[in-house]
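Below, each chain spelled out in residue letters.
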Amino acid sequence: MSDEEHHFESKADAGASKTYPQQAGTIRKNGYIVIKNRPCKVVEVSTSKTGKHGHAKCHFVGIDIFTAKKLEDIVPSSHNCDAPHVNRTDYQLIDISEDGFVSLLTESGNTKDDLRLPTDENLLSQIKDGFAEGKDLVVTVMSAMGEEQICALKDIGPKN
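Residues numbered from 1 in each chain as written. Predicted model: local features only at pLDDT ≥ 70, side-chain atom pairs only at ≥ 80, totals over all residues. Heavy atoms only, no water.

- The name given to the chain in an unreviewed UniProt entry is Eukaryotic translation initiation factor 5A, with the source organism recorded as Hevea brasiliensis.
- Checking UniProt for the chain, the heading Sequence similarities (unreviewed entry) contains the comment "Belongs to the eIF-5A family." (UniProt positions renumbered as here; feature names shortened; annotations may be inferred.)

**Things to note about the pattern of salt bridges**
Moving on, step 1. On inspection of all chains with the given rule, the structure shows seven salt bridges.
Moving on, step 2. Across the pair Lys112 and Glu148 runs a salt bridge, and its minimum N-O distance is 3.0 Å. Taken together, the residues span a long stretch of sequence, with Lys112 in strand β9 (residues 111–116) and Glu148 in strand β11 (residues 147–158) at a distance of 36 residues.
Moving on, step 3. The partner of Lys135 in a salt bridge is Asp155, with the nearest N and O atoms 3.8 Å apart. Of this pair, Lys135 sits in strand β10 (residues 135–144) while Asp155 sits in strand β11, placing them 20 residues apart in sequence.
Moving on, step 4. Note on Lys135: relative accessible area 30%, which makes it partly exposed.
Moving on, step 5. Classification of Asp155 as partly exposed rests on a relative accessible area of 43%. (Salt bridge = Lys/Arg side-chain N within 4 Å of Asp/Glu carboxyl O. Helix = DSSP H or I, 4+ residues; strand = E, 2+ residues; numbered from the N terminus. Buried < 20%, exposed > 50% of the residue type's maximum accessible area, 1.4 Å probe, protein only.)

**Re the pairing of β9**
Moving on, step 1. One ladder, built from four bridges, connects strand β8 (residues 101–105) with β9; its direction is antiparallel. In the strand pairing of β9, Phe101 is matched with Arg116. (Pairing = 2+ DSSP bridges.)

**Section: the nonpolar core**
Moving on, step 1. Counting 14 residues, the largest nonpolar core has Leu93, Val102, Leu104, Ile127, Val139, Val141 and Ile150 as the members making the most contacts within it.
Moving on, step 2. Only β7 (86–96), β8, α1 (121–132) and β10 provide two or more residues apiece to this core.
Moving on, step 3. Once residues lying within four places of it in the same chain are set aside, the contact partners of Leu93 are Val102, Ser103, Leu104, Ile127, Phe131 and Leu137. (Core = buried A, V, L, I, M, F, W, Y, C linked by side-chain atoms within 4.5 Å. Contact = heavy atoms within 4.5 Å.)

**Notes on the sheet that holds strand β5 (residues 70–76)**
Moving on, step 1. If you walk across this open sheet you meet the four strands as β2-β3-β4-β5, and the pairing is antiparallel. Every interior strand has two partners, whereas the edge strands, β2 (32–35) and β5, have only one. Neighbour-to-neighbour, the strand axes of this sheet turn through a mean angle of 45°, independent of strand direction.
Moving on, step 2. Across four bridges, the pairing between β2 and strand β3 (residues 38–47) is antiparallel. If you follow Val34 over to β3, its bridge partner there is Pro39. (Axes fitted to C-alpha atoms, helices over the stretch in contact; angles between N-to-C directions.)

**Things to note about a negative patch on the surface**
Moving on, step 1. On the surface, a cluster of negative charge is contributed by Asp95, Glu98, Asp99 and Asp113.
Moving on, step 2. Along the chain, the position of Asp113 falls in strand β9. (Patch = residues over 30% accessible without salt bridge, like charges linked within 9 Å, V, L, I, M, F, W, Y side chains within 5 Å. Areas by Shrake-Rupley, 256 points an atom, 1.4 Å probe, with all protein chains shown as cover. Lys, Arg positive; Asp, Glu negative; His and termini not counted. Charge placed at Lys NZ, Arg CZ, Asp CG, Glu CD.)

**So, unusual backbone geometry**
Moving on, step 1. For Lys36, which is not a glycine, the phi torsion comes out positive at approximately 50°.
Moving on, step 2. Residue Lys36 is classed as exposed on the basis of its relative accessible area of 61%.
Moving on, step 3. The backbone phi angle of Asn37 is positive, close to 60°, even though this residue is not glycine.
Moving on, step 4. With respect to the helices and strands, the residue Asn37 is situated in the loop between β2 and β3.

**Regarding the environment of Phe131**
Moving on, step 1. By the element assignment, Phe131 lies in helix α1.
Moving on, step 2. Sequence separation between Phe131 and Asp155 is 24 residues, and the spatial gap between their C-alpha atoms is 9.9 Å.

**Structural notes on α1**
Moving on, step 1. A rise of 1.5 Å per residue sets the reference length of α1, with its twelve residues, at 16 Å; its end C-alpha atoms lie 16 Å apart and thus fit the reference within 8%.
Moving on, step 2. Inspection of α1 places Leu123, Leu124, Ile127 and Gly130 among the buried residues, and these make up the whole buried set. In an axial view of α1, the angular spread of the buried residues amounts to 145°, which keeps them on one side of the axis. Facing away from the buried side of α1 by more than 90 degrees, the exposed set consists of Glu121, Asn122 and Ala132.
Moving on, step 3. Backbone geometry just after α1 places Gly134 at a positive phi near 80°. (Expected span 1.5 Å × (residues − 1). Arc of directions from axis to C-beta.)

What follows is the structure in structure tokens.
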């Protein structure tokens, strides 16, 4: 055996899956579900009665959390379906570049420069106007299944 220590630099998570299994019958309104490989927020759930062949079915209507498209799925209530790991993180806005990318300050003091401005017109104008006025803005970034997008904005007062 060798006596030298091995140091591994890890840039990835611990192989954690982008989704986790959840029984269809336990998913409720305002929860999250994967429909057609897209992370969705559930806006409507209806359950049909058990039929001649045994399974009650859950009918899910979800809104894609990144594109806002409406998606539907029907799953037997006893079966598992995928639910996405959804994380929300707050970052302070440092800069907006001309090409539509934002520069954000992470909690560790590093910068994060790989996010685009949101496509939502209302949120986009709030961010641009607030930044132009020199306000201190904190943006909330939602991430799920390897995608990230700015989803909310908080004003923490003027810059000193």
